[in-house]
Amino acid sequence: MTGVKHFKRGEMKFDDFGAKTGTGSIARIIGPDLSKTLGAGLAQFDGCSIEWTVLYDEMIVVLEGAFRLRVGKDVYDATAGDVIWIPENTPLRYEGEKSTVCYAVFPVDWRQRHGIK
């Protein structure tokens, strides 16, 4: 490990997160190159609904805006300061209105473990 890292918001690169409508973007900050256990980053959602099944444990902290998580018939509406825990293998939809969230995932090497590039 290389020690403490400081990630400045203005230097983060956000990539498209696969939203069919609206905007979904993600800045993957901590990955297997930095940590052997934990992954983390920021994600932004605005007017989108992104379907996914998490292949890892995930924690989401809402930083701004209105974030919504749909899991089956359950809907979790969250705003700044709220925290959501999602266990591995949960099918869901990420949604938001001008929302930015910080996320953490375990294990960091989930892509490798599931054969995803």
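The rules behind each value
- Residues numbered from 1 in each chain as written.
- Predicted model: local features only at pLDDT ≥ 70, side-chain atom pairs only at ≥ 80, totals over all residues.
- Heavy atoms only, no water.
- Salt bridge = Lys/Arg side-chain N within 4 Å of Asp/Glu carboxyl O.
- Buried < 20%, exposed > 50% of the residue type's maximum accessible area, 1.4 Å probe, protein only.
- Helix = DSSP H or I, 4+ residues; strand = E, 2+ residues; numbered from the N terminus.
- Polar contact = N/O pair within 3.5 Å; in protein donor to acceptor, adjacent residues only side chain to side chain.
- Contact = heavy atoms within 4.5 Å.
- Pairing = 2+ DSSP bridges.

A. Broad picture of the pattern of salt bridges. For the structure on display, the rule yields six salt bridges. Here D77 ties to R68 by a salt bridge, and the two come within 2.9 Å at their closest N and O atoms. Owing to a relative accessible area of 56%, D77 belongs among the exposed residues under this scheme. Across the salt bridge formed by R113 and D109, the nearest N and O atoms sit 2.7 Å from each other. We classify R113 as exposed; its relative accessible area is 58%. A cluster of three or more residues bridged by salt bridges with shared partners is formed by R68, R70, D77 and E95.

B. Focus on the side chain of T90. Tracing the backbone through its elements, the reader meets T90 in the loop between strand 7 (83-86) and strand 8 (91-106). A relative accessible area of 12% means that T90 is categorised as buried. For T90, the side chain forms a polar contact with the main-chain oxygen of P87, separated by 2.6 Å. Once you skip the residues sitting within four places of it in the chain, T90 turns out to touch W52, T53, V54 and V71.

C. Quick look at the pairing of strand 6 (residues 74-78). Pairing geometry for strand 5 (residues 57-71) and strand 6, over five bridges, is antiparallel. By the bridge assignment, R70 is partnered in strand 6 with V75. Counted along the chain from strand 5 to the antiparallel partner strand 6, the turn is two residues long, and its residue G72 has a positive phi close to 60°.

D. Focus on the environment of V71. Mapped onto the fold, V71 is located in strand 5. Spatially, the C-alpha atom of V71 lies 4.6 Å from that of L92, the residues being 21 residues apart in sequence. In contact with V71, other than residues within four places in its own chain, are Y76, T90, P91 and L92.

E. Inspection of the pairing of strand 3 (residues 39-46) at higher detail. Counting buried positions along strand 3 yields six of eight residues, so the element is predominantly enclosed. One ladder, built from seven bridges, connects strand 2 (residues 23-30) with strand 3; its direction is antiparallel. If you follow G24 over to strand 3, its bridge partner there is F45. Sheet topology places strand 3 next to strand 8; seven bridges connect them, and they run antiparallel. Within strand 8, the residue paired with G41 across the bridge is Y103.

So, to be careful, I would describe these as geometric facts and stop short of saying anything about function.
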